[in-house]
Amino acid sequence: MQKFYITTPIYYVNDKPHIGHAYTTVAADVLARWHRIRGDSVFFLTGTDEHGEKISEAARKNSTTPKEFVDGVVKKYIETWETLQISNDDFIRTSQDRHEKAVAEFIKRMDKSGDIYKGEYEGWYCTPDETFVTETQLKDGKCPFCGREVRRIKEESYFFRLSGYRDKLLELYRSNPSFLSPDFRSEEILNRLNSGLKDLSITRTAVSWGIPFPLDTKHTIYVWVEALINYISALGIGTEKFSEFWPADIHLVGKEINWFHSVIWPAMLISAGFDIPDMVFAHGWWTIDGTKMSKSLGNTVDPVEMSRKYSSDAFRYFLLREMPLGQDGDFSERAMKARINSELASEMGNLLYRTISIAEKYDGKISGQPELDKSLNIQEIDRKVCSLDTFGALEEIWRFVKEANRYVNQKEPWHLEGEALGEVLCNLLEACRVISILIYPFMPSTSMKMAEQLSCTEKPELKNCSFRREAPRPKKGGLLFKKYE
Ligand code: MSP
């Protein structure tokens, strides 16, 4: 049995989740579920990033305390993940004691390596991004990453000797080329690394909503340094879970936080003497109807509303089917309806419906030689999902769905009877059963509904994907998906 540890970023709780947060979490959920049906031992972590200036400002605007404020928003995250059928094994909150303890231990280890010193930070700070910005990085006096206002700060600070890690990081990327994934994003990281690595300010004196710096409690730890450690604090340093799952296999993140995960985080880990994760995968961004999503434009997409309107399975499917993980893509309800109508209702839903309708009119034995499985390549689908090409895997699954529909048209079972009909039906029911397993990680509820109609009581496992010579009698159920205007 292989272990598989996958994480999402921990999200800021200044507001309820939107489609962007849902995307990363659903994609990680698909990967976690896929590894479970392969028989791997999986640990899937998500959670919330609750400290820092941005959160305390949001609390102030809502005339409440940071703690009360974050508790309220965290509830919305948890409810959203329930609606989206997220199967996380743990939910880490940076306001939890277990996190604070692990952070203190981590910082002490970095200090032991001689990597921390006291100095003064003078420069710019972008609160929405919780990021330090150097003079040369400024773009027209604004944050180069998000274009918003920056503030000048000058304060005593502790620093991490990040500048000493350039060669070690380059060696890491050389020895494990898939650490920086997808590979077309590695150039940006390498260019920035080659243009010089500065020491990183890791504490603030003006931010009280944070974890006290263990070496000097007048300071709190810079929110990003503290947040990254969540991936370790959820396991607990020195625990059995830690020995089983660390290092992480995949940190799935959005492209805008790649630098923190691909540069700062491995340097911190080397400094504290921990192993380095296998891969940081930076995925692309969604725009909405062709424009950037933003609160001020009022075009944020609410994943709970989408799930209520179209079902959580259809929403999950669309997110994974519309753009390859890694690329940018555009969300629109029109595009979602089109995919539901053609791929989910007409192609997959109809395949099950017509198969069961034919079976209803036949009372003989449903058995025969497998032949439809020749157009199915499970290993290829597995290889694609394991290399994070979930888009390619869905394409492959749908090729098979289409092939099965073609098989019906070509065999014309309505003209068949006796053994000949039993054989065609067996192939079709087996195709539907295997499809129900393959789509389980993407659309868990639909997979279960299919399995029920197919009288299949086994839990979904990849090892059950080979065609059998006999199929149980199915039970007619409702349509899997309805069509939209
Ligand atoms: N708290 C930090 C992460 C700390 S991880 C140690 C943070 N939080 S966030 O709430 O801003 O979430 C950012 C993440 O949300 C992105 O990295 C991405 O996973 C997801 N997305 C936010 N907007 C997105 C889109 N428009 N499109 C796709 N995903 C995006 O950064």
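For the structure, check the block above.
Residues numbered from 1 in each chain as written. Predicted model: local features only at pLDDT ≥ 70, side-chain atom pairs only at ≥ 80, totals over all residues. Heavy atoms only, no water.

1. With respect to the pattern of salt bridges
Line of reasoning, step 1. Per the stated rule, a full pass over the model turns up 40 salt bridges.
Line of reasoning, step 2. Two residues, D90 and R98, come together in a salt bridge whose shortest N-O distance is 2.9 Å.
Line of reasoning, step 3. Take R98: its relative accessible area is 29%, and that puts it in the partly exposed class.
Line of reasoning, step 4. Measuring nitrogen to oxygen at the nearest pair gives 3.4 Å for the salt bridge that ties E135 to R152. On the criterion of sequence distance, the pair formed by E135 in the loop between β5 (131–133) and β6 (151–160) and R152 in strand β6 is long-range, its members being 17 residues apart.
Line of reasoning, step 5. Taking relative accessible area as the criterion, E135 reaches 53% and is therefore assigned exposed.
Line of reasoning, step 6. Each of E380, R383, K384, E396 and R399 takes part in one network of salt bridges that share partners. (Salt bridge = Lys/Arg side-chain N within 4 Å of Asp/Glu carboxyl O. Buried < 20%, exposed > 50% of the residue type's maximum accessible area, 1.4 Å probe, protein only. Helix = DSSP H or I, 4+ residues; strand = E, 2+ residues; numbered from the N terminus.)

2. A closer look at the sheet that holds strand β11 (residues 250–254)
Line of reasoning, step 1. The 6 strands are arranged β3-β2-β1-β11-β12-β7 in an open sheet whose pairing can be described as parallel. Every interior strand has two partners, whereas the edge strands, β3 (90–93) and β7 (180–181), have only one. (Pairing = 2+ DSSP bridges.)

3. Quick look at the pairing of β3
Line of reasoning, step 1. What you see with β3 is no split at all: D90 and I92 on one side and F91 and R93 on the other are buried throughout.
Line of reasoning, step 2. Pairing geometry for strand β2 (residues 41–49) and β3, over 4 bridges, is parallel. Note on β3: the bridge partner recorded for T46 is F91.

4. Focus on the packing of aromatic side chains
Line of reasoning, step 1. Tallied over the full model, the rule gives 29 aromatic pairs.
Line of reasoning, step 2. On the basis of an interplanar angle of 65 degrees and a centroid distance of 6.2 Å, the ring pair of Y5 and W246 is categorised as edge-to-face. Taken together, the residues span a long stretch of sequence, with Y5 in strand β1 (residues 3–12) and W246 in the loop between α9 (240–245) and β11 at a distance of 241 residues.
Line of reasoning, step 3. Centre to centre, the rings of F106 and W265 are 5.8 Å apart; their planes meet at 20 degrees, and the pair counts as stacked. Here W265 lies in helix α10 (residues 258–272) and F106 lies in helix α4 (residues 97–112), a separation of 159 residues in the sequence.
Line of reasoning, step 4. Looking at W265, the relative accessible area reads 0%, which means it is buried.
Line of reasoning, step 5. Ring pairs connect the aromatic residues Y5, F43, F106, Y231, F242, F245, W246, W265 and F274, which therefore count as one cluster.
Line of reasoning, step 6. Across the ring face of W124, the terminal group of R152 is positioned such that the distance to the ring centre comes to 4.9 Å. (Phe/Tyr/Trp six-rings, centres within 6.5 Å; stacked < 30°, edge-to-face > 60°. Lys NZ or Arg CZ within 6 Å of the ring centre and 35° of its normal.)

5. Focus: the environment of D328
Line of reasoning, step 1. Tracing the backbone through its elements, the reader meets D328 in the loop between α12 (312–322) and β14 (329–331).
Line of reasoning, step 2. With 41 residues separating them along the chain, D328 and T287 place their C-alpha atoms 7.8 Å apart.
Line of reasoning, step 3. Residue contacts for D328: discarding those within four places in its chain leaves K255, G284, W285 and M323.
Line of reasoning, step 4. Polar side-chain contacts of D328 include one of 3.0 Å to the side chain of K255.
Line of reasoning, step 5. Of note is the side chain of D328, whose polar atom sits 2.7 Å from the backbone nitrogen of W285. (Contact = heavy atoms within 4.5 Å. Polar contact = N/O pair within 3.5 Å; in protein donor to acceptor, adjacent residues only side chain to side chain.)

6. Quick look at the packing of helix α13 (residues 333–360) against helix α17 (residues 444–453)
Helix-helix packing is described using two parameters, namely the angle between the two axes and the distance between the axes.
Line of reasoning, step 1. In the contact formed by α13 and α17, the axes pass within 11 Å of each other and the chain directions differ by 10 degrees. Relative to α17, the element α13 lies roughly parallel. Note on element contacts: α17 touches α13 through T446, M450 and Q453, opposite M348, L352 and I356.
Line of reasoning, step 2. For the contact of α13 with α17, the per-class residue count stands at 4 nonpolar, 2 polar and no charged. (Axes fitted to C-alpha atoms, helices over the stretch in contact; angles between N-to-C directions. Parallel < 35°, antiparallel > 145°, perpendicular 65-115°, else oblique. Nonpolar A, V, L, I, M, F, W, Y, C, P; charged D, E, K, R; others polar.)

7. Quick notes on the site of the ligand
Line of reasoning, step 1. Among the 23 residues in the neighbourhood of the ligand, the closest are listed as I10, T24, D49, E256 and W286.
Line of reasoning, step 2. Within the side chain of D49, a nitrogen or oxygen atom sits 2.7 Å from a nitrogen atom of the ligand.
Line of reasoning, step 3. Contacts to the ligand include G254, whose backbone N or O atom sits 3.0 Å from an oxygen atom.
Line of reasoning, step 4. The fraction of the free accessible surface of the ligand (670 Å²) that becomes covered by protein chains is 94%.
Line of reasoning, step 5. For the shell around the ligand, the element with the highest residue contribution is β1, accounting for 4 residues.
Line of reasoning, step 6. Taken together, the residues of the shell around the ligand sort by class into 12 nonpolar, 9 polar and 2 charged. (Near = heavy atom within 4 Å. Areas by Shrake-Rupley, 256 points an atom, 1.4 Å probe, with all protein chains shown as cover.)

8. With respect to the pairing of strand β12 (residues 280–283)
Line of reasoning, step 1. Of the two faces of β12, the one carrying V280 and A282 and the one carrying F281 and H283 are both buried.
Line of reasoning, step 2. Relative to β12, β7 runs parallel, the two sharing 2 bridges. Counterpart to L180 in the pairing with β12 is V280.
Line of reasoning, step 3. One crossover worth recording links β11 to the parallel β12 by way of α10, and it is right-handed. (Right-handed = clockwise from strand over helix to strand, strands pointing away.)

9. Observations concerning the sheet that holds strand β4 (residues 116–126)
Line of reasoning, step 1. Strand order in the open sheet formed by 4 strands is β5-β4-β6-β8, and the pairing between neighbours is antiparallel. The two strands at the open ends of the sheet, each matched to only one other strand, are β5 and β8 (200–201).
Line of reasoning, step 2. The sheet contact formed by β6 and β8 spans 2 bridges and is antiparallel. Within β8, the position partnered with F160 by the bridge is L200.

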